[in-house]
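What follows is each chain in one-letter form.
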Amino acid sequence: MSSDNGTVVVVEDDPHIADLVDLYLRREGYRVLLAGDGEQGLELCRREGPSMVVLDVGLPGNRDGFEVCREIRNRSSVPVLFLTARDDEFDRVLGLELGADDYLVKPFSPRELVARVRAILRRTREGPAPQDVVTVGDFEVDLRRREARHAGEVVALTTREFDLLAFLVDNTGLALSRQQLLDGVWGPDWYGDERTVDVHVAQLRKKLGADLPLATVWGVGYRFG
Ligand code: CA
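Residues numbered from 1 in each chain as written. Predicted model: local features only at pLDDT ≥ 70, side-chain atom pairs only at ≥ 80, totals over all residues. Heavy atoms only, no water.

Chemist: I'd like a description of the domain arrangement of the protein, backed by residues and values.
Modeler: Domain boundaries in the protein define domain 1 (7–126) and domain 2 (134–224). Measuring from the centre of the C-alpha atoms in domain 1 to the corresponding centre in domain 2 gives 25 Å. Each partner contributes to the interface: domain 1 provides 11 residues, whereas domain 2 provides 11 residues. Roughly 830 Å² is buried in total at the junction of domain 1 and domain 2, and carbon and sulfur atoms are behind 44% of that figure. One can count zero salt bridges joining domain 1 with domain 2. On inspection of domain 1 and its partner domain 2, the count reaches four residue pairs in polar contact (both at pLDDT 80 or more). Taken together, the residues of the side of domain 1 that touches domain 2 sort by class into two nonpolar, five polar and four charged. (Domains from an automatic or database assignment. Contact = heavy atoms within 4.5 Å. Buried area = accessible area lost by both parts, 1.4 Å probe. Salt bridge = Lys/Arg side-chain N within 4 Å of Asp/Glu carboxyl O. Polar contact = N/O pair within 3.5 Å; in protein donor to acceptor, adjacent residues only side chain to side chain. Nonpolar A, V, L, I, M, F, W, Y, C, P; charged D, E, K, R; others polar.)

Chemist: Residues and numbers for helix α5 (residues 110–125), please.
Modeler: For α5, which comprises 16 residues, the first-to-last C-alpha distance of 22 Å matches the rise-based estimate of 22 Å (1.5 Å per residue) to within 8%. Buried residues of α5: Pro110, Leu113, Val114, Val117, Ile120, Leu121 and Thr124, and no others. Buried residues of α5 fall within an arc of 135° about the axis and therefore sit on the same side. As for α5, its buried residues are in contact with α1 (15–27), β3 (52–56), β4 (80–85), β5 (102–106) and α6 (159–170). (Helix = DSSP H or I, 4+ residues; strand = E, 2+ residues; numbered from the N terminus. Expected span 1.5 Å × (residues − 1). Buried < 20%, exposed > 50% of the residue type's maximum accessible area, 1.4 Å probe, protein only. Arc of directions from axis to C-beta.)

Chemist: Talk me through the sheet that holds strand β8 (residues 147–150); I want residue IDs and the actual numbers.
Modeler: Pairing is antiparallel across the open sheet formed by four strands, whose spatial order is β6-β7-β8-β9. Two strands in the sheet have a free side with no partner beyond their single neighbour: β6 (133–136) and β9 (153–155). When strand polarity is set aside, the average angle formed by the axes of neighbouring strands in this sheet is 25°. Relative to β8, strand β7 (residues 139–142) is paired through four bridges, and the arrangement is antiparallel. Within β8, the position partnered with aspartate 142 by the bridge is glutamate 147. Packing of α6 onto the sheet brings it into contact with β6, β7 and β8, and relative to β7 it is tilted by some 105°. (Pairing = 2+ DSSP bridges. Axes fitted to C-alpha atoms, helices over the stretch in contact; angles between N-to-C directions.)

Chemist: Explain the environment of valine 105 residue by residue, including any values.
Modeler: Relative to the helices and strands, valine 105 is located in strand β5. We classify valine 105 as partly exposed; its relative accessible area is 32%. Placed 70 residues apart in sequence, valine 105 and alanine 175 show a C-alpha to C-alpha distance of 40 Å.

Chemist: Before we move on, can you summarise the packing of aromatic side chains with the specific residues and values?
Modeler: Summed over the entire model, instances satisfying the criterion amount to one aromatic pair. Centre to centre, the rings of phenylalanine 66 and phenylalanine 82 are 5.3 Å apart; their planes meet at 65°, and the pair counts as edge-to-face. Separated by 16 residues along the polypeptide, phenylalanine 66 in helix α3 (residues 65–73) and phenylalanine 82 in strand β4 bring together distant segments of the chain. For the pair phenylalanine 66 and phenylalanine 82, one class covers both residues: buried. In this structure, arginine 27 packs its charged tip against the face of tyrosine 24, placed 4.5 Å from the ring centre. (Phe/Tyr/Trp six-rings, centres within 6.5 Å; stacked < 30°, edge-to-face > 60°. Lys NZ or Arg CZ within 6 Å of the ring centre and 35° of its normal.)

Chemist: An account of the coordination of the calcium ion is requested, with residue identities and associated values reported.
Modeler: All of the protein donors around the calcium ion are Asp13 (OD), Asp56 (OD) and Gly58 (O); their distances to the metal are 2.1 to 2.3 Å. The sequence pattern describing where the donors of the calcium ion fall on their chain is D-x42-D-x1-G. (Donors = N, O, S within 2.8 Å, 3.2 Å for Na, K, Ca; no water.)

Chemist: Mind laying out the pattern of salt bridges, listing which residues take part and the relevant values?
Modeler: The full count for this structure, using the stated rule, is 21 salt bridges. Sharing partners across several salt bridges, the network here consists of Arg31, Glu43, Arg46, Arg47 and Glu48.

Next comes the structure, spelled out in structure tokens:
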């Protein structure tokens, strides 16, 4: 099988787990790059622009997985799946605030890992064709690199924030209801509240600035452009 399914950077210091993850992901056709600590992981992310990062929370050296995730988020909205030991007291809320997409508690079944990776990549790949850069005023949304730029500067967005922005951009000029946005960005299986959309829109406005051409359409939802 080729590695056309994308590149996954795996940051894990336990060689046994790293080998297992490597084996299973390669078998699914992913190109896998292994890093044993946060520094190496960040270097690989910068150099390779992976489709996804699998990130252990407990890492040697001066950066744990949370710190690494925070640094990744400063420059990219690449999806992140955390791996955590049962006794790490994994802080799910902190993980999600940092923009992680999912997490798995060790020991996990490799099949479960593969299923999660596949689901996350499927979700982030749906939507607009991945080669366009859309420019509106000072704003650029690079759908292939998954970067949003304002006046030439990259703005750090979480995966979900970027997906929401990409969906809005893909439907420029259309008033979209909160339910349409939930279905399009979070997917039909997502269970939650329409206010989630408002929270993410508020984050986009905060991060990208008041000039962002994203209008609230009273009684409907939101419109880009
Ligand atoms: Ca570890």
